[in-house]
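Chain residues, written in single-letter form:
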Amino acid sequence: MGNVYSYGLTDFQAIATGAAVLASGGGGSYHDACAIVQQLADQGYTGTVQVQDYDGATNACVLAIMGSPDAADNLTLTAVQNSISNTVAVMQAYTGMQPGAFIPVEIGPINSLVPLIGAAMSGGSIWVVNGDGAGRAVPELPQTTFAAPTGPAPSPAVLASDAPTLVAAEYAVLGSATASGIESLAGGVVGGFGGYSGIAMWPSNAGNQFALSGSYIPGTLEQARQLGLQLLQAVTPLSTQAVAAGIEEITGRAARAVVSNFFITSVTQSTSSASLDSGIIRLDNAPDPAQSTETHYLYNLNENLIMYSAASTTPDIIAPDSICYYSESTGRGFSNASDDLAQYFDAASGRSTGNTVSVIAVQTAPQLYNTPGVVASFAALLRNIGYAGGMPPA
């Protein structure tokens, strides 16, 4: 069944750190993830969470925080714990299923931690699957391996707010045969909850022959941990080339530095009614764009979707390949959340902070690329922001 790991707080921090690079700009704020791990330490948590491959015999569900990272700005451990508690309680009441395992929906600073925190809250009765549905963070549920047409039904999907008690919580139980249906229904619900929500979906139990078996990309949580340890243990920040080489070695996916030591000189962000942050990030090879001789533009929908060079007629990188942030100034990755970008761009002055930013292209996980409908789903998102060209090869 593969390796069985016991992750403690040091591993939680490493996972958040590795995920901040691998998540392609999404999956929640790294700034908030670090604060949450510290708050868990301040609560006195000294336990461990068991992490392993899915055994195909344990009641399980996919567990995450859904919505806008900026709406969840300064997300706290208490808010995450309340969201998990309320969401899982409603799922259990509706299905009669006591979960024994949680599966991450994606790789991200927050969404890699959410199942681990949920398992930690259980006192050892729940473990976490070493894998996720994308090998990166994704804008919407249809861009995951769980959404395969032959895969399990995503419903019932339960969303719940972060109220301190279930009695005080707002929640919704959604039903649809498809991930796109759940995504469409959930957008308005999450907006009504304030822009973010706990979500539990894709229940896997004896009633559906433990349908999540084989539906995820294995090993990705441990991959994020290994990369995070490399970054955290480095005496000085690693070079962009070294991080790209580390990603390739750890994940087995081709990785290359596309731009190294550029500066964020402009950020345009807005939040949609479906609680998705969309934006354009400008990167220049000088802190003052007037002095720049090379410019690139990154378009995101929570996650980075496409990057162009102002000097090229073809894109630098196109999703579903990952467009990953790393900084040689800080030795860390980061997300498109405003509190993460603040280290690199001063929104008040509209100028770079002087901290450098690199972008690493990472090839799509083969299982994600080969899931029917995933590439088409990414293509639809790209068309919505004006790109209707070819998609990257497998």
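Here, the structure is the one placed above.
Reading the values: rules and limits
Residues numbered from 1 in each chain as written. Predicted model: local features only at pLDDT ≥ 70, side-chain atom pairs only at ≥ 80, totals over all residues. Heavy atoms only, no water. Patch = residues over 30% accessible without salt bridge, like charges linked within 9 Å, V, L, I, M, F, W, Y side chains within 5 Å. Areas by Shrake-Rupley, 256 points an atom, 1.4 Å probe, with all protein chains shown as cover. Salt bridge = Lys/Arg side-chain N within 4 Å of Asp/Glu carboxyl O. Helix = DSSP H or I, 4+ residues; strand = E, 2+ residues; numbered from the N terminus. 1 Å grid on protein atoms, 1.4 Å probe; cavity = no way out; pocket = protein on both sides within 12 Å on 5 of 7 lines; lining within 4 Å. Points joined across faces, edges and corners; volume = space filled by probe spheres on them. Core = buried A, V, L, I, M, F, W, Y, C linked by side-chain atoms within 4.5 Å. Buried < 20%, exposed > 50% of the residue type's maximum accessible area, 1.4 Å probe, protein only. Contact = heavy atoms within 4.5 Å. Polar contact = N/O pair within 3.5 Å; in protein donor to acceptor, adjacent residues only side chain to side chain. Expected span 1.5 Å × (residues − 1). Axes fitted to C-alpha atoms, helices over the stretch in contact; angles between N-to-C directions. Parallel < 35°, antiparallel > 145°, perpendicular 65-115°, else oblique. Pairing = 2+ DSSP bridges. Nonpolar A, V, L, I, M, F, W, Y, C, P; charged D, E, K, R; others polar. Phe/Tyr/Trp six-rings, centres within 6.5 Å; stacked < 30°, edge-to-face > 60°.

Another aspect to go through is a nonpolar patch on the surface. On the surface, Tyr94, Leu166, Tyr171 and Val173 cluster together into a nonpolar patch covering about 400 Å² of accessible area. Mapping Tyr171 onto the fold places it in strand E8 (residues 171-174).

Space inside the largest pocket adds up to approximately 170 Å³. In this structure, the largest pocket is lined by Ala254, Ala255, Arg256, Pro315, Asp316, Ile317, Ile318, Asp321, Ala361, Val362, Gln363 and Pro392. When contributions to the lining of the largest pocket are tallied by element, the ones reaching two or more residues are strand E11 (255-271), strand E15 (317-318) and strand E19 (357-362).

For the rest of this paragraph, the subject is the nonpolar core. Counting 57 residues, the largest nonpolar core has Phe12, Val49, Leu116, Ile247 and Ile360 as its most contacted members. Per-element tally for this core: the top contributor is helix H1 (residues 9-22), with eight residues. Not counting residues up to four positions away in its chain, the partners in contact with Phe12 are Tyr7, Val37, Leu40, Tyr45, Val49, Leu113 and Leu116. The next biggest cluster of nonpolar side chains, apart from the first, holds 28 residues, and it includes Val62, Ala101, Ala172 and Phe193.

Now for the environment of Thr178. As for its placement among the helices and strands, Thr178 is situated in the loop between E8 and helix H5 (179-192). On the accessibility criterion, Thr178 (38% relative accessible area) is partly exposed. Taking the C-alpha atoms as reference points, Thr178 and Asn304, separated by 126 residues in sequence, lie 24 Å from one another. A distance of 3.2 Å separates polar atoms of two side chains, one belonging to Thr178 and the other to Ser180.

This part covers H1. The terminal C-alpha atoms of H1, which comprises 14 residues, lie 20 Å apart, in line with the 20 Å expected from a rise of 1.5 Å per residue. Judged by how many residues are buried, H1 sits mostly within the fold: 13 of 14 residues are covered. Just past H1, the residue Ser24 takes up positive phi, approximately 60 degrees.

Moving on to the packing of helix H3 (residues 77-95) against helix H4 (residues 113-121). In contact at an axis separation of 10 Å, H3 and H4 are set at 75 degrees when each is read in the N-to-C sense. Relative to H4, the element H3 lies roughly perpendicular. For the pair formed by H3 and H4, the contact residues are Leu77, Val80, Gln81, Ile84 and Ser85 on the first element and Val114, Ile117, Gly118 and Met121 on the second.

This part covers the pattern of salt bridges. Under the defined criterion, the tally for this structure stands at three salt bridges. We note a salt bridge from Asp284 to Arg282, for which the minimum N-O separation is 2.7 Å. A single salt-bridge network, built from bridges that share partners, covers Asp11, Glu222 and Arg225.

Moving on, we get to the sheet that holds strand E3 (residues 60-67). One open sheet holds the eight strands; their spatial order is E1-E2-E5-E4-E3-E9-E7-E8, and the pairing between them is mixed. Each edge of the open sheet is held by one strand with a lone partner, namely strand E1 (5-7) and E8. Across the sheet, the mean angle from the axis of one strand to that of its neighbour is 30 degrees, orientation sign disregarded. Looking at chain direction, E1 and strand E2 (residues 49-52) are connected through three bridges and run antiparallel. Each bridged residue has a counterpart across the sheet, and for Ser6 the counterpart in E2 is Gln50. Together, E3, strand E4 (101-104), strand E7 (157-160), E8 and strand E9 (196-204) form the strand contacts of H3, whose direction differs from that of E9 by roughly 40 degrees.

Here we take up empty space enclosed by the protein. One pass over the full model with this rule turns up three cavities of 30 Å³ or more. Within this model, the second largest cavity holds a volume of roughly 50 Å³. For the second largest cavity, the lining is made up of 11 residues, of which Gly25, Pro69, Asn302, Asn336 and Ala337 are closest to its centre. Counted by class, the lining of the second largest cavity contains two nonpolar, seven polar and two charged residues.

This part covers the packing of aromatic side chains. Within the structure shown, the criterion is met by seven aromatic pairs. Geometrically, the ring pair formed by Tyr325 and Phe334 is stacked, given 4.3 Å between the ring centres and 10 degrees between the ring planes. On the basis of relative accessible area, Tyr325 is assigned to the buried category, the value being 0%. The class of Phe334 is buried, set by a relative accessible area of 2%. Between the aromatic rings of Phe334 and Tyr344, the centroid separation amounts to 4.2 Å while the plane-to-plane angle is 25 degrees, which identifies the pairing as stacked. Placement of Phe334 in the loop between strand E16 (322-326) and helix H8 (338-341) and of Tyr344 in the loop between H8 and strand E17 (345-346) is noted, with a sequence separation of 10 residues between them. Across the pair, exposure class does not vary: Phe334 and Tyr344 are buried alike.

All we've got here are geometric facts, nothing functional implied.
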